[in-house]
Amino acid sequence: MGSKLSVDDSVRVVIVGGGFGGIAAARQLKSWGIPFVLVDMRDAFHHNVGALRASVESGFAKKTFISYAVTFEESFRQAKVVGIDLLRQKVLLNDGEELFYSHLILATGSDGPFPGKFNQIIDMETAIQTYEDMVKELQKSPRIVIVGGGAAGVEMAAEIKTEYPGKEVTLIHSKIALADVELLPCVRQVVKEILLKKEVHLLLSDRVSNLHMLTLNRFQENMAVKTEKGREVAADMVILCTGIKINSSAYSSAFEDKLANNGALKVNQYLQVEGYDNIYAIGDCADVKEPKMAYHAGLHADIVVTNIINSLTQKPLKTYQPGSLTFLLSMGRNDGVGQINGCYVGRLLVTIAKSRDLFVSKSWKTMEQTMPC
C-alpha cells in the first residue's frame, strides 16, 4: 500500500468493534494515513478462531489475545458504544463521551457461549486466565458432553480428543449431518468419520432437554445429561457450542428499520447500510448471504476501506460479491477438512493451512506485534 492519502480535518472514520473485520479495516486506514478511531469494550483483540484450543491446551490462550493500544496507540478507545446519533454523526459511549465521524464502520460481530466466544469486559490477563482455568477444569473431567454439532461443536470434540485421547467425549446434535449446512456433503461426511475414528460418541438428531439444570464449563462429577428422545449420558463436564447471536445492541435503536430478522444490518452491494452513503457494516453484523466467518470479515474490510478512499477521491465504488464458499475445519492440530471455492480440500492441506496454528500468527502479523512463545 505504502502511499498516504491527503485528507482534510473533517475526515474521521470511527470503527465500532475490534474483531477480525474491525482490525483489518483499522490497519488499512492506518497505512493510508486516514484518521480513525477503533472502539472496543475490551483492551485486546481476541483471535477467537483459536478459542477452542485455548480452552483445551495450556499455554495457547496467551497467543489469542493481542493488545489494541500497542498497535493503534491513540487511535484506540476502550469503551462500550451505547448508541449512534445519526443526525449529529456521533457515536455515543458509555462514559458520556461522543465521537464525531465522517464515515462509520460497524463491525460489532457476534456473541455466543464461552469458550467459543469471549465478550466479557475484563482485561487481557484476566481473559487469558479464564481460559487457563477452563483447561484445568477439563483436565479433571473424564467424561465430557458437547452440546451442538455445528462447526464449533465438532472442532471442540476433535480438540479434546487430540489433546486427551483417553477422555470419553459425547457430542449431542439436533440434526443428522454434522457441521454447517453450507458445506459439501462429502466434507460433512469426513467430519463424521474423523470424529468416529477419534472415538467420539455421537448422539445425532436429538436435543438436550435439561440444559438449564446443568453446570457449564466446570468439573462437576456425575451430571446426568438428558435428551428429548429419553437418553441419559453421565458427564463430569458440559460444554455448550450453540446459540450464536449478532451483536446489535450498539446500533439497533438507530437503525430499527434497517435490521434483518437476525439483527444484522441490511446493506447494499457496496456494504453501505441501506440509505446511508457514509455508514458501512462488515463481518457478522452485515446481512450478506454467506456464512459468518473471519475470512469474510477481512474481505468486507478491504471493500469498505477501498470505498471510503474512493468516495474521498471521487472514484467509483467497489462492489462486494459473495463468492463460492471457502470453509476450513480444524479437527485438532493434526487433522482437518474443508472446501475452497466450493471444491473439496483434503485433510493434509487443511492441517498445514489451518489446523497447526489456527491462523494465530496471521493475526499477530496484522497487529504488527511479536507472538509469545
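Values in this document were obtained by computation on a predicted structure and should not be read as measured data.

Q: Requested: an account of helix 4 (residues 124-139), with residues and values cited.
A: With 16 residues, helix 4 should cover 22 Å at 1.5 Å per step; its first-to-last C-alpha distance of 23 Å lies within 8% of that length. Those residues of helix 4 that sit buried are Met 124, Ala 127, Ile 128, Tyr 131, Glu 132, Met 134, Val 135, Glu 137 and Leu 138. The backbone nitrogen of Glu 125 has a side-chain oxygen 3.1 Å away, supplied by the residue at the start of helix 4, namely Asp 123.

Q: With reference to specific residues and values, describe the pattern of salt bridges.
A: Under the counting rule described, the total for this entry stands at 17 salt bridges. When the shortest N-O distance is used, the salt bridge between Arg 77 and Glu 97 registers 2.5 Å. Here the residue Arg 77 occupies a position in strand 5 (residues 76-78), and Glu 97 occupies one in the loop between strand 7 (90-93) and strand 8 (98-100), the gap between them amounting to 20 residues. For Lys 354, the salt bridge goes to Glu 155, with nearest N and O atoms at 3.4 Å.

Q: Quick rundown of the side chain of Gln 339? Include the residues and the values.
A: One can find Gln 339 in strand 20 (residues 336-340). Judged by relative accessible area, Gln 339 falls into the buried class, the value being 2%. Engagement of the side chain of Gln 339 in a polar contact is seen with the backbone nitrogen of Leu 184, the distance being 2.8 Å. With near-sequence residues (within four places) excluded, Gln 339 lies in contact with Glu 182, Leu 183, Leu 184, Val 187, Leu 325, Thr 326, Phe 327, Leu 328, Tyr 344 and Val 345.

Q: How would you explain unusual backbone geometry if you had to name every residue and give the values?
A: Of the consecutive residues Phe 114 and Pro 115, the connecting peptide bond is found in the cis state with omega at 15 degrees. Relative to the helices and strands, Pro 115 resides in the loop between strand 10 (110-111) and helix 4. One non-glycine residue, Glu 73, lies in positive phi territory at about 50 degrees. Here Glu 73 lies in the loop between helix 3 (68-72) and strand 5.

Q: Kindly report on the pairing of strand 13 (residues 201-204), identifying the contributing residues and their values.
A: Here strand 12 (residues 168-173) pairs with strand 13 via 4 bridges, running parallel. Residue pairing for strand 13: Leu 171 is matched across the bridge by Leu 202. Between the parallel elements strand 12 and strand 13, the chain passes through helix 6 (residues 185-197) in a crossover that is right-handed.

Thresholds, definitions, all that
Residues numbered from 1 in each chain as written. Predicted model: local features only at pLDDT ≥ 70, side-chain atom pairs only at ≥ 80, totals over all residues. Heavy atoms only, no water. Helix = DSSP H or I, 4+ residues; strand = E, 2+ residues; numbered from the N terminus. Expected span 1.5 Å × (residues − 1). Buried < 20%, exposed > 50% of the residue type's maximum accessible area, 1.4 Å probe, protein only. Polar contact = N/O pair within 3.5 Å; in protein donor to acceptor, adjacent residues only side chain to side chain. Salt bridge = Lys/Arg side-chain N within 4 Å of Asp/Glu carboxyl O. Contact = heavy atoms within 4.5 Å. Pairing = 2+ DSSP bridges. Right-handed = clockwise from strand over helix to strand, strands pointing away.

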